[in-house]
Amino acid sequence: MLEIEISGLRLRNPTMLASGVMGECSGSLIRAYRSGAGAVVTKSIGLEPREGYPNPTAVEIECGILNSMGLPNPGIDEFGEEMREVVELEIPVIGSIFAGDAESFSILAKRMQGYGACAIELNLSCPHARGYGLEIGTDPDLVRGIVKEVKRSVSIPVFSKISANVADIVEIGKAVEEGGGDGIVAINSVKAMKIDLSTKKPILFNRFGGYSGRGIKPIGVRCVYELASEIEIPIIGAGGVEKGEDAIEYILAGAKAVQVGSAIFYRGIDVFRKICKEMEEWMERNGYSSIEDFRGLALK
Amino acid sequence: MNYPRFVRITRVVRENRNVKSIFFPFESSIDPGQFFMITIPGIDEIPMSVSRILDKEVSITFRKVGDATERLFGMREGDIIGIRGPLGNGFRIEGDRILFVAGGTGIASIAPAVDLAKELGKDIIVVIGARTREDLFFLERMKKIGKLMVVTDDGSAGRKGLASDVAKEIIESNKVDQVITCGPEMMMKKILDLCRERSVDFQASVERYIKCGLGLCGQCCIGEGLRVCIEGPVFDGDTLARCADFGHYQRDSSGRRVYLKDG
């Protein structure tokens, strides 16, 4: 009932483990898949190992989580071992990568493909790392160029994770489409800050962070709706998906799949199974037998 | 809310040349084995197990090892730290005869469990291992509770040797129902293997690099995605026996595997 097909990938259900959450080692990726995710997305991996920022890197705030990990990752060379242990179990794993230019993105994408990733996710939207993510993902020309270059380098689908921190998200979405991208993931966490009243300073070591969780769901749904109205390539909704109803909202806005991250904090690692069960119950009540039956109804 | 609460330090106690305890007000419920994320404003936020559970305050006990503990070491009564927690799970005492094995600063994490075992009227043996006499602490406190055995690498206090060797003799004499341990991972792994051979209940407080403390970032995972900050830090023998990385490798702050050396 929940099976989907997205850019040639057939998944058992439309929930994916979002990048940045429990995606740095093989064990946690495997656990997320065994907890019901349809696919898992790795932590964003760069060319070199990166330690990330000192703590505090994440706190719970009103209606969500604020984090600024700073893209810690073991580097693409060492990540091969983690990928091997996941891929040998035939788990659909999407390799998330970050870089500062098109050439580096291409190198990383090729490596991920070599490791057996079923697709690539370009991180064009991390809100808290200088020179990466959002800093390049807000320029449509750069985005178009990166997607084009990566598409030339690999044969697996290439998704681009983009940010709501732009004046016009459709402009970025169109740049992805023009570059030949296979899909869009919207949205990444939203650039935010929390100032502590005791210390009178930002609580995160890096001061700025990314806001995720239920507080950003309406922003994510709006972005998916806007994108789905104007572009043809598939969209994966992300931002505050906690329950089956949240996933359904994104799908009504036109998304083919959803990503789940912060909800693991609120509902545990088996949140994927819970969301799927809630979706099925809703579909049964409403007489739908497949995701495509109600996808994009809000746009019509 | 899993968010730091800033509190004033009520007392500081020097335990030895490199180890101090910091006390702060805490009145909610907390189990031996649980931990706090301690914020040193502007420097870092680090995990620390509770080392004393009193009526209206608790303590953390630490050795000077890096920037954050160096700064904590210099803190005095009235200074402010952030606390987030208690986080994770606690020790579960099983059986009547409990052997506690601590290596290095591991005694700080298991001391409250020793207190609890005493309250429950258990037979208690505590083995504390350290490099030298100067690295030992909590001896008086443990001596009051049960049978204490001290072992040092250089023989400067107690027996000369390793805590795991002393533990082996005790486990092999069939005198214990449960072993609770915290210390260097190779030590804990050796004890785990001994307990598995003899079907002795086993619990260990496992240390990993903890970042978010929310169960999200995945930095502290062992085995098949077990989060030390959520499902841990205390794991039982069955669980750890299934973790191929336990006693084999840990991960640094970038997530790279760092293989453990024997010894």
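Residues numbered from 1 in each chain as written. Chains lettered and ligands numbered in written order. Predicted model: local features only at pLDDT ≥ 70, side-chain atom pairs only at ≥ 80, totals over all residues. Heavy atoms only, no water.

Attention now goes to the interface of chain A and chain B. Facing 43 residues of chain A, the contacting portion of chain B comprises 34 residues. Counting the surface chain A buries against chain B, the share from its top three residues, Arg31, Asn55 and Glu60 of chain A, is 19%. Our count for the chain A to chain B interface comes out at six salt bridges. Arg257 of chain B is paired through a salt bridge with Glu82 of chain A; the nearest N and O atoms lie 2.9 Å apart. Counting the contacts that link chain A with chain B gives 14 residue pairs in polar contact (both at pLDDT 80 or more). Broken down by secondary-structure element, the contributors of at least two residues to the side of chain A that touches chain B are helix H1 (26-34), strand S5 (58-61), helix H2 (76-87) and helix H9 (263-267) of chain A. The residue inventory of the side of chain A that touches chain B, partitioned by class, reads 19 nonpolar, eleven polar and 13 charged. (Contact = heavy atoms within 4.5 Å. Buried area = accessible area lost by both parts, 1.4 Å probe. Salt bridge = Lys/Arg side-chain N within 4 Å of Asp/Glu carboxyl O. Polar contact = N/O pair within 3.5 Å; in protein donor to acceptor, adjacent residues only side chain to side chain. Helix = DSSP H or I, 4+ residues; strand = E, 2+ residues; numbered from the N terminus. Nonpolar A, V, L, I, M, F, W, Y, C, P; charged D, E, K, R; others polar.)

Counting residues in hydrophobic clusters, the biggest one holds 111 residues, and the most contacted among them are Val40, Phe105, Met112, Leu122 and Ile264 of chain A. It is helix H10 (residues 271-286) of chain A that contributes the most residues to this core, seven residues altogether. With residues near it in sequence (within four places) discarded, Phe105 of chain A still touches Ile97, Phe98, Ala99, Leu122, Asn123, Leu124, Ile136, Ile146 and Val150 of chain A. With 35 residues, the next largest nonpolar core counts Ile170, Ile171, Ile191 and Phe246 of chain B among its residues. (Core = buried A, V, L, I, M, F, W, Y, C linked by side-chain atoms within 4.5 Å. Buried < 20%, exposed > 50% of the residue type's maximum accessible area, 1.4 Å probe, protein only.)

Moving on, we come to the sheet that holds strand S16 (residues 234-236) of chain B. Residue and element names in this part refer to chain B. With mixed pairing, seven strands are arranged side by side in an open sheet as S11-S10-S9-S8-S12-S13-S16. Edge strands, defined here as strands with exactly one partner in the open sheet, are strand S11 (159-160) and S16. Across the sheet, helix H4 (residues 163-172) lies against strand S8 (97-103), strand S9 (123-130), strand S10 (147-152), S11 and strand S12 (178-182), angled at about 165° from S8, the strand it touches most. Those strands touched by helix H5 (residues 185-197) are S8, S12 and strand S13 (201-205), and its axis lies near 170° from that of S12. (Pairing = 2+ DSSP bridges. Axes fitted to C-alpha atoms, helices over the stretch in contact; angles between N-to-C directions.)

For chain B, per-residue confidence averages 96 on the pLDDT scale, and residues scoring 70 or more make up 99% of the total. The ipTM assigned to the predicted complex is 0.95, against a pTM of 0.96. (pLDDT = per-residue confidence, 0-100.)

Here the focus is the environment of Ala164 of chain A. Residue and element names in this part refer to chain A. Looking at where Ala164 falls in the secondary structure, it is placed in the loop between strand S9 (158-162) and helix H6 (169-178). Residue Ala164 is classed as buried on the basis of its relative accessible area of 13%. Along the primary structure Ala164 and Ile216 are separated by 52 residues, whereas in three dimensions their C-alpha atoms are 9.8 Å apart. Residue contacts for Ala164: discarding those within four places in its chain leaves Ile169, Ile187, Ile219 and Cys223.

Here we come to the packing of helix H5 (residues 140-153) of chain A against H6 of chain A. Axis angle and axis distance: for two packed helices, these are the angle between their axes and the distance between the axes, and together they describe the pair. Residue and element names in this part refer to chain A. One can describe the packing of H5 onto H6 by two numbers: an axis separation of 7 Å at closest approach and a directional angle of 25°. Considered as vectors, H5 and H6 are oriented roughly parallel to each other. Along this stretch, H5 crosses H6, giving a crossing that reads as right-handed. From H5, Pro140, Val143, Arg144 and Val147 reach across to H6, where they touch Glu171, Ile172, Ala175, Val176 and Glu178. Looking at the contact of H5 with H6, its residues break down into six nonpolar, no polar and three charged. (Parallel < 35°, antiparallel > 145°, perpendicular 65-115°, else oblique. Left-handed = near helix turned anticlockwise from the far one by under 90°.)

Our next topic: the sheet that holds strand S2 (residues 11-14) of chain B. The pairing of strands in a sheet comes from backbone hydrogen bonds and takes either a parallel or an antiparallel form. Residue and element names in this part refer to chain B. Strand order in the open sheet formed by seven strands is S1-S7-S4-S5-S6-S3-S2, and the pairing between neighbours is antiparallel. Single-partner strands in this sheet number two, and they are strand S1 (5-8) and S2. For this sheet the average axis-to-axis angle between neighbouring strands, irrespective of direction, equals 40°. Inspection of the sheet shows strand S4 (residues 35-40) paired to strand S5 (residues 44-53) by six bridges, in the antiparallel sense. Pairing of Thr39 across the sheet is with Glu45, part of S5.

Attention now moves to H5 of chain A. Residues and elements named next belong to chain A. Across its 14 residues, H5 extends 20 Å between first and last C-alpha, which sits within 8% of the 20 Å expected from 1.5 Å per residue. Next to the buried residues of H5 lie helix H3 (102-115), strand S8 (119-123), helix H4 (134-137), S9 and H6. For H5, the side-chain oxygen to backbone nitrogen distance between the N-cap and Asp141 is 2.9 Å, and the N-cap itself is Asp139. (Expected span 1.5 Å × (residues − 1).)

This paragraph deals with the packing of aromatic side chains. Inspection of the entire model under this criterion finds ten aromatic pairs over all chains. Ring centres 5.1 Å apart and planes at 65° place the aromatic pair Trp282 of chain A and Phe294 of chain A in the edge-to-face group. Linking Trp282 of chain A in helix H10 with Phe294 of chain A in the segment after H10, this pair joins segments that are twelve residues apart in sequence. Overall, Trp282 of chain A belongs to the buried group, its relative accessible area being 17%. In this structure an aromatic cluster arises from ring pairing among Trp282, Tyr288 and Phe294 of chain A. We note Lys191 of chain A situated over the ring of Phe208 of chain A; from NZ or CZ to the ring centre the distance is 5.1 Å. When the ring centre of Phe73 of chain B is taken as reference, the NZ or CZ atom of Lys20 of chain B above it lies at 4.5 Å. (Phe/Tyr/Trp six-rings, centres within 6.5 Å; stacked < 30°, edge-to-face > 60°. Lys NZ or Arg CZ within 6 Å of the ring centre and 35° of its normal.)

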